Amino acid sequence: MDKAQPGILAPVPRLARYLSFSLTFGMEPRRSVQSLVDWVDGNNTIVGFGYPLLQAMGRTIEGLRTFPSYLGSGLALPSTQEALWFWLRGTDRGELLHRSRKILGAVAPAFKCESVIDGFQYDTGRDLTGFEDGTENPQGEKAIGAALVQGKGEGLDGSSFVAVQQWVHDFARFDALTPKEQDDSVGRRKSDNEELPDAPPSAHVKRTAQESFAPQAFILRRSMPWADGVRGGLNFVAFGKSLDAFEAQLKRMVGAEDGIIDGLFQYTRPINGSYFWCPPVHNGRLDLRALGL
Ligand code: HEM
């Protein structure tokens, strides 16, 4: 689909950086947002706008809302809705650092950097627990159908909504589980990635089985492991034509439907959560018509 920021549909890069920004109180963001058109290519650098930014600009995008928080059954999933998000795709840490510095300068002083997360590929695309991640991602036309807005008109078609959550793994707790308990938590065998026929209902792939929702809940996951010192986990990133599929899955993961909590929560938890709207491109440049720019 030539209207999408192309990096969304491209394979996950070797290395990445995720930058999140809040809006500086009292600042007018329009000029900074307009300038993105000159340097965000949508391929190596993908951009998303959060609800606080749209609100400051007096604009709405149908379907964009703030990230929900969930409390209950011993779980606390935070909503830390930010205003602006960049996903930098790359292959060289030095280049990513310098690109981040330029971005910080380009959006200042209207936007303040709140977090920088370094992402990378582990082995053949595994989560840091060793499980293959992304197996059931929709491919080709199905990926386009799941991830991109279509049939809504110029300025909206080709755009995408993205859910972003940084999960922190408790590696000691994970290591203390037996191999069977680990496999049961995901519902796939770590050794060969086969789906377990007798996985418990709490298994992650049972909780999130995309065909099992009504309507079906397909999302395009582009998550990557992250690490900082000896801490690490998964920076979960899922693109959708709306935020509904992600939200339906997250609700089931926390047990909001049937009280059954996703097995992953035994050893990992999210420490933040934001939604963004990623604008489309037009003639190879960001298309900000939906924001009146
Ligand atoms: C630390 C957090 C997470 C880890 C380590 C993780 C890991 C995995 C793994 C190993 C798989 C199986 C292979 C695959 O199909 O990719 C999987 C599947 C999946 N995950 Fe996650 N995941 C996490 C969070 C989430 C969240 C927050 C959601 C959505 C709310 C989600 C949605 C899915 C979906 C839709 C599938 C495919 C299910 C299917 O249709 O078979 N995951 N995940």
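Since the model is a prediction, treat every value here as computed from it, not as a measurement.

Criteria and thresholds
Residues numbered from 1 in each chain as written. Predicted model: local features only at pLDDT ≥ 70, side-chain atom pairs only at ≥ 80, totals over all residues. Heavy atoms only, no water. Near = heavy atom within 4 Å. Polar contact = N/O pair within 3.5 Å; in protein donor to acceptor, adjacent residues only side chain to side chain. Helix = DSSP H or I, 4+ residues; strand = E, 2+ residues; numbered from the N terminus. Salt bridge = Lys/Arg side-chain N within 4 Å of Asp/Glu carboxyl O. Buried < 20%, exposed > 50% of the residue type's maximum accessible area, 1.4 Å probe, protein only. Phe/Tyr/Trp six-rings, centres within 6.5 Å; stacked < 30°, edge-to-face > 60°. Lys NZ or Arg CZ within 6 Å of the ring centre and 35° of its normal. Pairing = 2+ DSSP bridges. Axes fitted to C-alpha atoms, helices over the stretch in contact; angles between N-to-C directions. Contact = heavy atoms within 4.5 Å. Nonpolar A, V, L, I, M, F, W, Y, C, P; charged D, E, K, R; others polar.

Chemist: So, the site of the ligand: which residues are in play, and what are the values?
Modeler: Around the ligand, the structure places 26 residues, and the nearest of them are Gly-134, Glu-136, His-204, Gln-210 and Arg-221. Contact distances for the ligand include 2.8 Å between an oxygen atom and a side-chain N or O atom of Arg-221. When contributions to the shell around the ligand are tallied by element, the ones reaching two or more residues are strand 7 (160–169), helix 7 (204–207), strand 10 (231–240) and helix 8 (244–253). With 4 residues, the top contributor of residues to the shell around the ligand is helix 8.

Chemist: Describe the pattern of salt bridges, and please don't skip the residues or the numbers.
Modeler: Taken as a whole and judged by the stated rule, the model has 19 salt bridges. Linking Asp-118 and Arg-17 is a salt bridge whose minimum nitrogen-to-oxygen distance equals 2.8 Å. Placement of Asp-118 in strand 6 (residues 111–120) and of Arg-17 in strand 1 (residues 15–23) is noted, with a sequence separation of 101 residues between them. Using a relative accessible area of 13% as the deciding quantity, one classes Arg-17 as buried. One salt bridge connects Glu-62 with Lys-152, and the closest N-O pair in it is separated by 3.9 Å.

Chemist: Any details on the packing of aromatic side chains? Residues and values, ideally.
Modeler: Across all of its chains, the model carries 15 aromatic pairs by this definition. Between the aromatic rings of Tyr-18 and Trp-87, the centroid separation amounts to 6.3 Å while the plane-to-plane angle is 5°, which identifies the pairing as stacked. Linking Tyr-18 in strand 1 with Trp-87 in strand 5 (residues 84–90), this pair joins segments that are 69 residues apart in sequence. The residues Tyr-18 and Trp-87 share a single accessibility class, namely buried. Three or more aromatic residues joined by ring pairs make a cluster, and in this case those are Tyr-18, Trp-85, Trp-87, Phe-239 and Phe-276. The cationic tip of Lys-190 hangs over the ring face of Phe-131; the distance from NZ or CZ to the ring centre is 5.6 Å.

Chemist: Let's hear about the pairing of strand 10: which residues, and what values?
Modeler: Judged by how many residues are buried, strand 10 sits mostly within the fold: 9 of 10 residues are covered. With 8 bridges connecting them, strand 7 and strand 10 associate as antiparallel partners. Paired with Ala-163 across the two strands is Ala-238, which belongs to strand 10. Relative to strand 10, strand 8 (residues 220–221) runs antiparallel, the two sharing 2 bridges. Looking at strand 10, one finds that Leu-220 is bridged to Phe-239. When strand 9 (residues 224–228) meets strand 10, the two strands line up antiparallel, connected through 5 bridges. Across the sheet, Trp-226 pairs through a bridge with Gly-233, a residue of strand 10.

Chemist: Account for the packing of helix 1 (residues 30–39) against helix 3 (residues 93–107), naming residues and giving values.
Modeler: At a closest axis distance of 10 Å, the pairing of helix 1 and helix 3 adopts a crossing angle of 145°. The segment helix 1 lies against helix 3, with Ser-32, Leu-36 and Trp-39 engaging Ile-103, Ala-106 and Val-107. In terms of residue class, the contact of helix 1 with helix 3 is built from 5 nonpolar, 1 polar and no charged.

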